[in-house]
Amino acid sequence: MSSKGRLLIMLSLCCAGFVFAGQFVNNGDFEQPLTTGWTQATSGSGFVINRATNYDPDPDYEAQVFKSTGTGYAKLYQSAAIPTTDLEFSANLKLIAATTSSTCWAGTALIIGYLNPSGSLLGETMICRRTAACPWQNTSTRHLIDAVDTLWHNYAFNINSELANLPGVNPASIAKIEIALYSQCYSG
């Protein structure tokens, strides 16, 4: 059996909800079906995008984006117009990324994308967990915040303050924010 035949990539992101001052995210607590406010995009096979009450110890709903074997991704996202970047952001996340082969990589993230009025991506913040070979890197338009472990954690910050980590993004050009739960695998 080839190493590709034994390859198992497990990648999961669970999110218990998003909070923006002013509540710009529709169904950010996932208490309604994912068809309310959210869009799904996928590539490849072996993915799951769903919501349930058993991912976190609390009784509320959480969303999961999971991608297993093979190259591809799974994404649950939405964008919203914002009047200012002086917004408080908060999310409860559990991030898991693992592979069983050194020729493969996996990464999972909550991505905050900063968009111009026409919806073009200017930059992004990725709260992420990734395997060693994952090519995601900090750049002038991408800031990675690495999850320290695979437990539930709250991540909270002011978007204006976060934009200081993205010198290639002009805050005055941001008209929308895209929130995405994203899992990606590559099998080499």
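Residues numbered from 1 in each chain as written. Predicted model: local features only at pLDDT ≥ 70, side-chain atom pairs only at ≥ 80, totals over all residues. Heavy atoms only, no water.

(A) Layout of the environment of alanine 41. Of note, alanine 41 is situated in strand β2 (residues 39–43). As a C-alpha pair, alanine 41 and tyrosine 182 span 141 residues in sequence and 9.5 Å in three-dimensional space. Residues in contact with alanine 41, not counting those within four places in the same chain, are Ile49, Tyr73, Ala74, Lys75 and Tyr77. (Helix = DSSP H or I, 4+ residues; strand = E, 2+ residues; numbered from the N terminus. Contact = heavy atoms within 4.5 Å.)

(B) Quick look at the packing of aromatic side chains. Applying the stated rule across the entire model yields six aromatic pairs. Ring centres 6.3 Å apart and planes at 25 degrees place the aromatic pair tryptophan 105 and tyrosine 186 in the stacked group. Remark: tyrosine 186 occurs in strand β11 (residues 176–187) and tryptophan 105 occurs in strand β7 (residues 104–115); sequence separation between them is 81 residues. Seen in terms of ring centroids, tryptophan 136 and tyrosine 182 are 6.3 Å apart; in terms of plane orientation they differ by 35 degrees. Their pairing is tilted. (Phe/Tyr/Trp six-rings, centres within 6.5 Å; stacked < 30°, edge-to-face > 60°.)

(C) The side chain of glutamate 124, seen in detail. Within the fold, glutamate 124 resides in strand β8 (residues 121–130). Non-local contacts of glutamate 124, meaning those with residues more than four positions away in its chain, are made with Ile111, Ile112, Gly113, Tyr114, Thr141, Arg142, His143 and Leu166.

(D) How the structure looks around unusual backbone geometry. In the Ramachandran plot, asparagine 27 falls in the positive-phi region, its phi being about 60 degrees despite a non-glycine side chain. Mapping asparagine 27 onto the fold places it in the loop between β1 (9–20) and β2. Residue classification places asparagine 27 among the buried residues on the basis of a relative accessible area of 5%. With a phi angle near 65 degrees, phenylalanine 30 is a residue other than glycine that sits in the positive phi range. When you line up the elements, phenylalanine 30 lands in the loop between β1 and β2. (Buried < 20%, exposed > 50% of the residue type's maximum accessible area, 1.4 Å probe, protein only.)

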